Structures are given as structure tokens and as C-alpha cells.
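Okay, here's what each chain looks like letter by letter:
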Amino acid sequence: MCYKINMKTIGLHIIIIITLVFMVSGIIFAEENLIKNPSFEDIGTGDIPKNWRTHSWTPDASGGQFGIDKEIAHSGKHSVFVFNSVDNHGYYLQTVTVKENSFYKLSCWVKTENIKENLEGAGISI
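Computed from a predicted model, the values in this text were never measured in an experiment. (Residues numbered from 1 in each chain as written. Predicted model: local features only at pLDDT ≥ 70, side-chain atom pairs only at ≥ 80, totals over all residues. Heavy atoms only, no water.)

**Focus on the overall build of the chain**
Secondary structure summary: the chain contains one helix and four strands in total. Ordered by position from N to C terminus, the α and β elements of the chain give α-β-β-β-β. When burial is assessed residue by residue, the chain has 13% of its 126 residues classed as buried. Contacts in the chain between residues at least 24 apart in sequence constitute 48% of all its contacts with a sequence separation of at least 6. For the chain, the accessible area works out to roughly 11000 Å², and carbon and sulfur atoms hold 58% of it. (Helix = DSSP H or I, 4+ residues; strand = E, 2+ residues; numbered from the N terminus. Buried < 20%, exposed > 50% of the residue type's maximum accessible area, 1.4 Å probe, protein only. Contact = heavy atoms within 4.5 Å. Areas by Shrake-Rupley, 256 points an atom, 1.4 Å probe, with all protein chains shown as cover.)

What follows is the structure, given as C-alpha cells:
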């Protein structure tokens with residue numbers, strides 16, 4: 001049996017393949033958000049969002065300050081801040097259980113100001 005392939009047939013196959021790729025990627029990435037309290041709306045003790053912990057290389061108060069910003073938010077009403085008055089690495093962290101051999105998408109919004117020259121500023125780590 002011989003099939004005659006023309007440009008319309010090739011275009012249709014490409015559209016079907018693209019559609020299937022988007023359907024499969026939608027299934028892979030359509031799972032629930034594994035991060036608890038991702039927009040920092042639920043505030044716990046010490047002005048730290050529930051389900052989050054803080055860590056700092058310089059753990060005393062002179063090294064880093066952590067807190068809730070009620071004026072600046074990407075979504076919702078809150079954001080968090082880390083203020084370092086000395087060279088330091090302070091961050092919010094949360095442990096998340098994942099499944100092996102699975103795909104995950106991680107994204108965040110970060111705003112920085114007054115970053116010293118030749119220093120990294122803010123980032124996200126896994």
C-alpha cells in the first residue's frame with residue numbers, strides 16, 4: 001500500500017503532534033502546587049509565613065532580618081523580605097516531597113535593591 005503525502009498532509013501531522021505535546025505537557029504540569037503557603041498570606045509567629053523557615057549564614061540579628069512586607073506583593077497582600085546589613089546569605093526555605101523520575105516546574109518573583117557591586121543578589125535554589 002502506498003500513501004501519497006502532500007503539504008496539507010504534512011501540515012496536518014505537524015498540528016496533531018504539536019497539539020499532543022501541549023496536551024501531554026498540560027497533564028504533566030497540571031498537578032497541584034506542592035509549595036504550602038506559596039504567596040505568604042498565612043502569617044505565623046515572629047512575622048514568618050506559616051510552613052516556611054528562615055536560615056542565615058550569619059544567624060545573629062546583625063546578619064539578617066526576615067519579615068513580612070504588607071505594601072509590596074506580586075499576588076495577594078504580602079511578600080517577604082530578607083535584609084542583610086552585612087555580607088550574608090539569608091533565605092526562606094521549605095521542604096517539599098517529590099516523586100523520583102518526575103518533572104516539576106518552579107518559579108518565583110524576586111525584587112532586589114541596594115545590591116553591592118560584585119555580589120549575586122537574590123536567587124532561587126533547589
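Having seen it, we continue.
**Thoughts on the pairing of strand β4 (residues 90-93)**
Across the two faces of β4 the burial differs, with Gly90 and Tyr92 buried and Tyr91 and Leu93 not buried at all. Here strand β1 (residues 53-56) runs beside β4; their pairing, made up of four bridges, is antiparallel. Among the inter-strand pairings, serine 56 is bridged to a residue of β4, identified as glycine 90. (Pairing = 2+ DSSP bridges.)

**Side note on unusual backbone geometry**
For asparagine 37, which is not a glycine, the phi torsion comes out positive at approximately 55°. One can find asparagine 37 in the loop between α1 (7-29) and β1. With phi around 55°, asparagine 101 is a residue other than glycine that occupies positive phi space. Relative to the assigned elements, asparagine 101 resides in the segment after β4. The exposure class assigned to asparagine 101 is exposed, which follows from its relative accessible area of 75%.

**A word on the packing of aromatic side chains**
Inspection of every chain in the model, using the stated rule, returns three aromatic pairs. Aromatic side chains phenylalanine 40 and tyrosine 92 sit 6.3 Å apart centroid to centroid with 50° between the ring planes, which places their arrangement in the tilted category. Here phenylalanine 40 is found in the loop between α1 and β1, whereas its partner tyrosine 92 is found in strand β4, with 52 residues between them in sequence. The class for tyrosine 92 is buried, based on a relative accessible area of 14%. On the numbers, 5.5 Å between centres and 90° between planes, the contact of phenylalanine 66 with tyrosine 92 is edge-to-face. Here phenylalanine 66 is found in strand β2 (residues 64-69), whereas its partner tyrosine 92 is found in strand β4, with 26 residues between them in sequence. (Phe/Tyr/Trp six-rings, centres within 6.5 Å; stacked < 30°, edge-to-face > 60°.)

**Let's talk about the side chain of histidine 78**
For histidine 78, the position within the fold is in the loop between β2 and β3 (79-84). Residue classification places histidine 78 among the buried residues on the basis of a relative accessible area of 14%. Excluding residues within four positions of it along the chain, histidine 78 makes contact with Ser39, Phe40, Glu41, Ile43, Ile68, Asp69, Lys70, Ile72 and Ala73.

**A closer look at the environment of isoleucine 124**
Among the structural elements, isoleucine 124 can be located in the segment after β4. Assessed through its relative accessible area of 48%, isoleucine 124 is described here as partly exposed. Residues isoleucine 124 and leucine 106, 18 residues apart in the sequence, show an inter-C-alpha distance of 9.1 Å. Excluding residues within four positions of it along the chain, isoleucine 124 makes contact with Leu106 and Cys108.

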